[in-house]
Every structure is written in structure tokens, then in C-alpha cells.
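# Structural features, examined
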Amino acid sequence: MGGMTTDFAPPPSPGLLPASRGGGARTDRALRIGFATVALAALLLLAAEGAARVVFTAPPPLYVRHSLLGPTLAPGTSFERLSIDEPPVLFKLEIDSLGFRGRRMKQAAKAPGTYRIFFLGASTVENALLPEERTFPGRTDDALNEHYKGAPPVEVANCGVAGTGIEYAEGMLVHRVLPLEPDLCVFLVGHNAWFATLNSDWDPGAPSSPEMPPTFKDWLTGASRLVALLDARKRARSAREDNKRDWYQSHQRDRRAIGFTPPKVDVLRGLPYFRAQLHRIALLCKDAGVACAFMTQPNLYKDAMKPEEEAALVGAVLPDGQNLETPVLKKGLDAFNEAIREECSKESVILIDAAREVPQDLEHFIDDVHMTSAGNDAVARSVLRAIQKDGKLPRP
Amino acid sequence: MNRRVKLALVFVGVVVAVLALAEVGARVFGPLPPPPNWESHLLVGFVRAPNYRTNKVAIDTGEPFVYETNALGLRSTTLNAVPKPAGKKRIVFVGGSTTENGDLPHEHTFPGIVEAKLKDRGVEVANAGVPGATTSVALAQLVHRVLPLQPDVVVCLDPVVNDFHESLTSGWDPLLQHMAAAPSPPSFMDWLTGASRLLTLLDTRHREPVNAKEVFARRSREHLKNPPSDPPDDLLLRGVPRFELAQRVMLEVLRDEKIVALVVTEPILVKPVMTKEEDEKVTSAAVPRTDFNLRPETELRALAAYDEVTRRNAEKLGAYVVEGSVVPKDLAHFVDDVHLSTKGNEALAEAILAKVVPLVSKD
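What you see is a predicted model, and the numbers here were worked out from it, not measured in a lab.

### Side note on the overall build of chain B
A count of helical and extended segments in chain B gives 13 helices and nine strands. In chain B, which comprises 363 residues, the proportion classed as buried is 43%.

### Section: the overall build of chain A
When helices and strands are counted, chain A shows 13 helices and nine strands. Taken against the 2.2 N^0.38 rule, which gives 21 Å for 396 residues, the C-alpha radius of gyration of chain A at 29 Å runs more than 25% over that of a compact globule. A buried classification covers 36% of the 396 residues belonging to chain A.

### Focus: the packing of helix 3 (residues 136–148) of chain A against helix 13 (residues 373–389) of chain A
Two quantities define a packed helix pair, namely the angle between the axes and the distance from one axis to the other. Residues and elements named next belong to chain A. It is at 8 Å that the axes of helix 3 and helix 13 come closest, and there the two elements cross at 50°. Judged on the interaxial angle alone, helix 13 and helix 3 are oblique. Two packed elements cross with a definite hand, and for helix 3 against helix 13 that hand is right-handed. Contacts between helix 3 and helix 13 involve Phe136, Arg139, Thr140 and Ala143 on the former and, on the latter, Asn376, Asp377, Val379, Ala380, Val383 and Leu384. Along the lines of polarity and charge, the residues of the contact of helix 3 with helix 13 split into six nonpolar, two polar and two charged.

### Looking at the domain arrangement of chain B
Residue and element names in this part refer to chain B. If you check the domain split of chain B, you get domain 1 (1–30) and domain 2 (36–175 + 186–361). Relative placement of domain 1 and domain 2: their C-alpha centres are 49 Å apart. Domain 1 puts five residues into the contact, and the matching count from domain 2 is four residues.

### Some details on the environment of Ala239(A)
All names here are of chain A. With respect to the helices and strands, Ala239 occurs in helix 7 (residues 225–241). What makes Ala239 partly exposed here is the crowd of 16 C-beta atoms within 10 Å. Setting aside its immediate chain neighbours within four residues, Ala239 contacts Phe79, Glu80 and Arg81.

### So, the sheet that holds strand 9 (residues 350–352) of chain A
Residues and elements named next belong to chain A. The sheet built from five strands is open, its strands ordered 6-5-7-8-9 with parallel pairing. Whereas interior strands pair on both sides, the edge strands pair on one side only; in this sheet they are strand 6 (154–158) and strand 9. Ignoring which end each strand starts from, the neighbouring axes of this sheet average 20° apart. With five bridges connecting them, strand 5 (residues 115–121) and strand 6 associate as parallel partners.

### Here's the deal with the nonpolar core
In this structure, Leu120(A) and Ala293(A) are the most contacted members of the largest nonpolar core, which totals 160 residues. Setting aside anything within four residues of it in sequence, one finds Ala293(A) in contact with Leu184(A), Val186(A), Val349(A), Ile350(A), Ile352(A), Ala386(A) and Ile387(A).

### Regarding helix 11 (residues 326–346) of chain A
Residue and element names in this part refer to chain A. Compared with the 30 Å implied by 1.5 Å per residue over 21 residues, the 30 Å span of helix 11 between its first and last C-alpha is a close match. Turning to helix 11, its buried residues number three or more, namely Leu329, Gly332, Leu333, Phe336, Asn337, Ala339, Ile340, Glu343 and Cys344. The arc that holds the buried residues of helix 11, viewed along the axis, is 145°, so those residues lie on one side. Exposed residues on helix 11 whose side chains face more than 90 degrees from its buried face are Pro327, Ser345 and Lys346. Where helix 11 is buried, its residues touch helix 5 (190–196), helix 9 (271–288), strand 8 (291–295), strand 9 and helix 12 (354–357). Where helix 11 ends, the next residue or the one after it, Ser348, has phi of about 45°, a positive value.

### With respect to the environment of Val160(B)
With respect to the helices and strands, the residue Val160(B) is situated in helix 5 (residues 160–168). Val160(B) has contacts with Phe243(B), Glu266(B), Leu303(B) and Tyr306(B), leaving out every residue within four places of it along the chain.

### Notes on the sheet that holds strand 5 (residues 89–95) of chain B
Residue and element names in this part refer to chain B. Here we have five strands laid out as an open sheet, ordered 6-5-7-8-9, and parallel in their pairing. The sheet is open, and its two borders are formed by strand 6 (123–127) and strand 9 (320–322), each paired with just one other strand. Taken pair by pair, the neighbouring strands of this sheet meet at an average axis angle of 20°, ignoring direction. Note that strand 8 (residues 260–264) and strand 9 share three bridges and pair parallel. When the bridges of strand 9 are listed, Val263 appears paired with Val321. Helix-sheet contacts for helix 3 (residues 110–118) involve strand 5 and strand 6, and the interaxial angle to strand 6 is about 170°.

### What to know about the pairing of strand 2 (residues 70–73) of chain A
Residue and element names in this part refer to chain A. Sheet analysis places strand 1 (residues 63–66) next to strand 2, joined by four bridges and oriented antiparallel. Bridge pairing in strand 2 links Val64 to Thr72. The hairpin formed by strand 1 and strand 2 contains three residues between the paired strands.

### Overview of helix 13 of chain A
Residues and elements named next belong to chain A. Its 17 residues give helix 13 an end-to-end C-alpha distance of 24 Å, which sits within 8% of 24 Å, the value for a rise of 1.5 Å per residue. All buried positions along helix 13 are accounted for by Ser373, Gly375, Asn376, Ala378, Val379, Ala380, Ser382, Val383, Ala386 and Ile387. At its buried positions, helix 13 is contacted by helix 3, strand 7 (184–188), strand 8, strand 9 and helix 12. Note on helix 13: the residue one or two positions beyond its end, Gly391, has a positive phi of about 75°.

### A closer look at the interface of chain B and chain A
Listed by partner, the interface residues are 40 residues for chain B and 45 residues for chain A. Elements supplying a minimum of two residues to the side of chain B that touches chain A: strand 1 (38–41), helix 4 (135–146), helix 6 (188–195) and helix 10 (240–256) of chain B. If you tally residues by element for the side of chain B that touches chain A, the top one is helix 4 of chain B, at six residues.

### Regarding the environment of Ala312(A)
With respect to the helices and strands, the residue Ala312(A) is situated in helix 10 (residues 307–312). Residues Ala312(A) and Phe365(A) lie 53 residues apart in sequence; the distance between their C-alpha atoms is 8.8 Å.

### Brief notes about the packing of helix 4 of chain B against helix 10 of chain B
Residue and element names in this part refer to chain B. Contact pair helix 4 / helix 10: the axes reach a minimum separation of 9 Å and the direction vectors enclose 20°. Between helix 4 and helix 10, the crossing angle belongs to the class labelled roughly parallel. The two elements helix 4 and helix 10 cross, and the hand of that crossing is left-handed. Seen from helix 4, the contacting residues are Thr135, Ser136, Ala138, Leu139, Leu142 and Val143; seen from helix 10, they are Phe243, Ala246, Gln247, Val249, Met250 and Val253. Tallied by class, residues from the contact of helix 4 with helix 10 come to nine nonpolar, three polar and no charged.

### Points about unusual backbone geometry
All names here are of chain A. Following Glu86, the chain continues to Pro87 via a peptide bond in cis, the omega torsion being -10°. Relative to the helices and strands, Pro87 is located in the loop between strand 3 (78–82) and strand 4 (90–94). Cis geometry marks the peptide bond from Ala151 to Pro152, where omega comes out at 0°. Looking at the element boundaries, Pro152 is found in the loop between helix 3 and strand 6. Its identity as a non-glycine residue notwithstanding, Lys149 has a phi of 50°, on the positive side. Tracing the chain through its elements places Lys149 in the loop between helix 3 and strand 6.

Rules and cut-offs
- Residues numbered from 1 in each chain as written.
- Chains lettered and ligands numbered in written order.
- Predicted model: local features only at pLDDT ≥ 70, side-chain atom pairs only at ≥ 80, totals over all residues.
- Helix = DSSP H or I, 4+ residues; strand = E, 2+ residues; numbered from the N terminus.
- Buried ≥ 20, exposed ≤ 12 C-beta atoms within 10 Å, placed from the backbone.
- Rg over C-alpha atoms; globule rule 2.2 N^0.38 Å.
- Axes fitted to C-alpha atoms, helices over the stretch in contact; angles between N-to-C directions.
- Parallel < 35°, antiparallel > 145°, perpendicular 65-115°, else oblique.
- Left-handed = near helix turned anticlockwise from the far one by under 90°.
- Contact = placed C-beta atoms within 7 Å.
- Nonpolar A, V, L, I, M, F, W, Y, C, P; charged D, E, K, R; others polar.
- Domains from an automatic or database assignment.
- Pairing = 2+ DSSP bridges.
- Core = buried A, V, L, I, M, F, W, Y, C linked by C-beta atoms within 7 Å.
- Expected span 1.5 Å × (residues − 1).
- Arc of directions from axis to C-beta.

Put into C-alpha cells, the structure is as follows:
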């Protein structure tokens, strides 16, 4: 290597040597150290990967892919997370062997005499940030089982999947719920069905979802057991420690930070499509001999909003630059709720008018439509009243 | 510094710089990547990508042809947009590969033949068949892709062979159908082609059409080299109730929407006594992902049970039935034991036309 000296030559005077030679020696040394460090790190990582493969099994996947409904929480998944309630509590979110939330439906085949209720919809049904017993499907389950004391056994499944629309609920009914022999299906689908139509590029004929290309991390977690284990650990810690109130607050701030805009599209343009979808769901249930209930969407929108209620709204801040004012939001969701009431009377579907029964305040709502435990409690009472009135409750 | 190290570093630097330049060049001046042949649909799984075009060779004649989909991802020359023009009638075909006929020119397929015959009567026709589909997939297609097109008639050749095969795989659960295991992790190449425009342009993995002839040949070799092996009776028909449910829901949806439904029972080459040439074309006996190699009489018994469900469902729900047996069981009409040749497609198209012409002629 350049820059080396022998014992026989006098030590070179720094002033006589070209600067690059000294620099070359330093670069040389730095390179050697660099290579050695990289090699050592690679060896250590290889050893750690080997050890991880020998000692640990691969962490179970959080999601599986249903070929017709996309990613869904893996059956048997369970992880701890922090609830959205104040004060937050640590609870275990558990997915049963059928891929739903719920405690009593243990197997696909229905035992004779069992009464099965399925709740379908999006995040306001799933209530992923509340313990099962504080969600309205969970409370309905508890109330019915306490009342009937196992004669008949009542099984409740919460099939809500956050971020999905009415088409998804229809797909869920057809592909996953009908084969499980439901007795009653309850749908809460108003908000996302309406919200989707606010986007300028909404196309009811093409709800396609181009697959995002995998990220480097996706590949790495798939290729390395070590990274997969570390990632699973990080995810679990984040679920346990992250307070999702922060997420809501950042969206609430976003809404206030930018000015309101008039809607770019007619906020009621999705109504005919929504009515047609509701109608089809009602007929699908009717054809299958299953009692069907539509729930109006409880929400915080009202004419006289208190400043703190207004501040709690996430609203509609859309990718195309729209940020809609509360009266516009109210007009849209009210119209969709009215369509639900009309469809119920036309098709003799059970109406659960939760929008009129859940008090519109911050004790019951976290944001526009997501509910607290108290909100869920009010919905559960509304569900029980409606199905009792309709005579669709199981006969002991 | 050692000369070789210097050279190596310079070489690496040049390679990185050239690659970076090529990537920038591809992003700035390169064409948009050609569309893939498949597209993910939120509620249907995978569907043919819109405006996909590729050169293929007809599986029966060996003639080259261009396979293409329209802007809706369907094979059609008449039905190219969602809004239905006033005064037009629409017929949409749903099913699996036996409906799509992806290895025949569109005009040689039974949907294409029906389209050509009815074009002058103001009827728009589209083929929404998806290879590998089960009846549940066909149902999802119907609900989420076909109904928005406001069809007047839907013709369904249910992919019963796919339903039947799937039900024979180990671990199949009729109540958890389509709940796959965790998706396989992406490969390094998957990530790289997603991240680099240059590699996307060079990558042909997802754009090359599958060579059906090779696939058929491989499957029939499997059948010929292995001894016959039938599933036990309790396994043989376990897929029937799930098929019955999916098909019933499909016909109920069509009835509720006041759309005329026409179902086709399975045309199949398999018969109790097969010639050597016919047996060499059998692809459906060696059931994928299982060790079963079905005897003709076993396969016929199973498919007869599925066909019986089709007839029963149709009768109950007011659908028309076209018997697949109108297609003669010989190698002039089949390219393997389930996929039809041009002649087979013509025979089926004739039977379908006999039913649909009076329907679309009504005001």
C-alpha cells in the first residue's frame, strides 16, 4: 500500500512529501477500516439471521388476503392496543377463527338452534380502538346472552372493516356471511358510501385498487426472519403505546388549518347509486331468508355546533383540495340517512334509527362519526329496541 | 491506495452513475410502462387489465392473432363504455377460462360469435370471463363489474371444473373459501421493478401471455404418467353445496335486477370410453395441488352432480338453460377436455343464439 515506510529510510519530513501521499495513507486506512466494519456487520447480521431462523418461528401474519375482499385481519390474530376512551385502557383486540371480532362464534358450522347476528360496515362498526365489550356489537351480544341465558345460544360477529364502502359490505355478505347461515344481518354503511362520492374522481363502475408496488421494507421483512421479528415487535409496541387520539387531533388540526371550499361536485350525486346498493342488499338477505336491518349513521353534525364540537370534526379534507363546511357535511349525511329510512319502509327491512337516538355531543362521539363507549352503548340500546319491536329477536 | 482497489471503486462509481442516468432518462424520456395483463380489483381479485394487447397464436389453428381487452378490461368490440346508449340491449358473458377463450381470436369465441350475429340488431355484447375463476369469483364479477353495465341478458358458463378441483384440495373449507393464507412476500425483483422505471420497462414477467398449449401439455402428461386415483366419496361432492349457494345467489341477484339469466351446463370431452388421442388431451383429470388422477366415470359423476344443481337452480329461479352437451364430444370441438376449439365455440354459440335472439328481439 502506498505511504508505507521502511526501517532503513529516515522518516520522511512531512513538508517534503506530496500532501496526497499522507492523504492516501489516511484514505487507505479509512478504507480498510470501512471494509472491515462492513464485513463484520455483515457477518454479525448473518449470524443474527441464522440464530433468528433457528430459535424463532416466523411471526404470524397480521393480515391474510381474501381473494375477493382483499387484505383482512388474520383469523386467530390477537394483539394489545390502547383504547380511544378517556382515560385510555390497554385491551386485547382479538380476531376469531373466522376472521371476525366477537367472542362466541367459534366455528363456521352453526349448531342447531343457535341464533346468529352479523354486523357489517366499516370502522364505525369495527370499533378497533375499543375493547370488544364496549363496542355496540359486543354490548348487543352481552345483552342478548344475559337475557336468553343460552336458550337459544346467541352468537354475534362484528364483520366491520375500516375504510370500506357499501360495495365491500355487499361482498362481505355474499362471500363470507351468507355461508355462515346468519339469522340477522345489521348494516351500518351510510358514511363511507356517501364520503366516497365526494371525491371528484368517484366512479361507481370501477372501484378498482391498483396494487401499490412493494416497498424495500416489504421485501426485507419477507426475506429476513430477523427483520420480520423486529418489525412485529415494533408494531406490537406501537399498538400498545400509541394513543390514537393524536391521529384524530392531527386530522382535526388539518381541517382547521386550511380554508373551507365549496364542494366541487353535487354532494348528493351518489344517492341513486346508494339506494340501488341498499335495495340489492335487502333483496340478497330476503332471498336468503335472513332478517336484514339497516342502521342510520349516527353523527355529530347539527345546526348549532358548539366550538369544541366543531373543533372535534375531521370533516372532509379531500385529495382534490376540497375542505367542506359542516352544513354541507350535514346536508349530505342527512340525505343518505333519509335514503336508508325510505329503503327500510319500502322493503320491510328493520330500521335502526341510531342517528336519531345517539345524543350528538362529545360524550358520545370522538369525531364526526366515530363513537366513544357511551356512543356505542346508545347504539346497542337502539339495536335491541329495533329488533325487539320487529319481533326478530330469537325465540327462547 | 492500491491500484486495483482504485479501479474497482471507479468501476462501481461509473456503473452507479450510468444506472442513475439511465433511470433518470427512463423517467424523463422513456415511454410509460405498458399495462400489465392483470389488474387488481378491490372486490373481484384479479381481472384483465383495460386496453391490454398482445400477440398470441390460436390454440386450435396455430394462426397468429391479437388478444385485446377494451377500456373496461373486457373482450368486446361493441360494449366499450359503462353508460348504456338509449335503445341498445346488452348481453354479458361471465365465467372462467372456458368463457374467456383467451387462446382464440375474439371472433372465434362463443361470446364473439354471438356479438357478430347480433351487432346489426343493436345488441352490445361483452365477454367478462376470467381464467381460473370459481363460481364465487363469477358472482363477484357479476355484482361489481357486470351489473353497472345494465345488461339485459347475462349468460353464465359457470366454471364448475374450477369449483370441483378447488374442493378436492386439502384443507379446503366451504365456509372459509377464498380466505387464503398470508400473501407470499414480495421478491427482491418485485421491489426493484416497483421502484425503478427502467426495470419496469425491461421487466416482461407480468406481460407475457401464458402459453396455454404448454400448460395443457404439462397437465395431460401428469394425467398420462400417473395411475388413476379417485377421491373418496365424501370428498368427491363436498364442493357442491358451496357451488349451489354461489350460483343461487347469482341467479337471485339477476332475478331481483330483472335481468334475463341463461346458464350453460359444462361442455366436456370426457366420456366413458375415450380414444387414445382423446385421453392424451385430458387436462382436468390430474387435479392441481392434489394426488388425484380421476377416472373418466368419476369425473363425469361429479360434474353431473354440479350440472344437476345448475338445472335445479335455473328452474327454481326462472333462468334459461343451455345444455353443454350440444357440443359434440370429439377433438374437432375441444382443444383439451374442457376448453373449446373454434368449432366447439360455434356449436355453443348456435345453441345460445337460439335462446337469446327471441329475448333481445322483444321490445
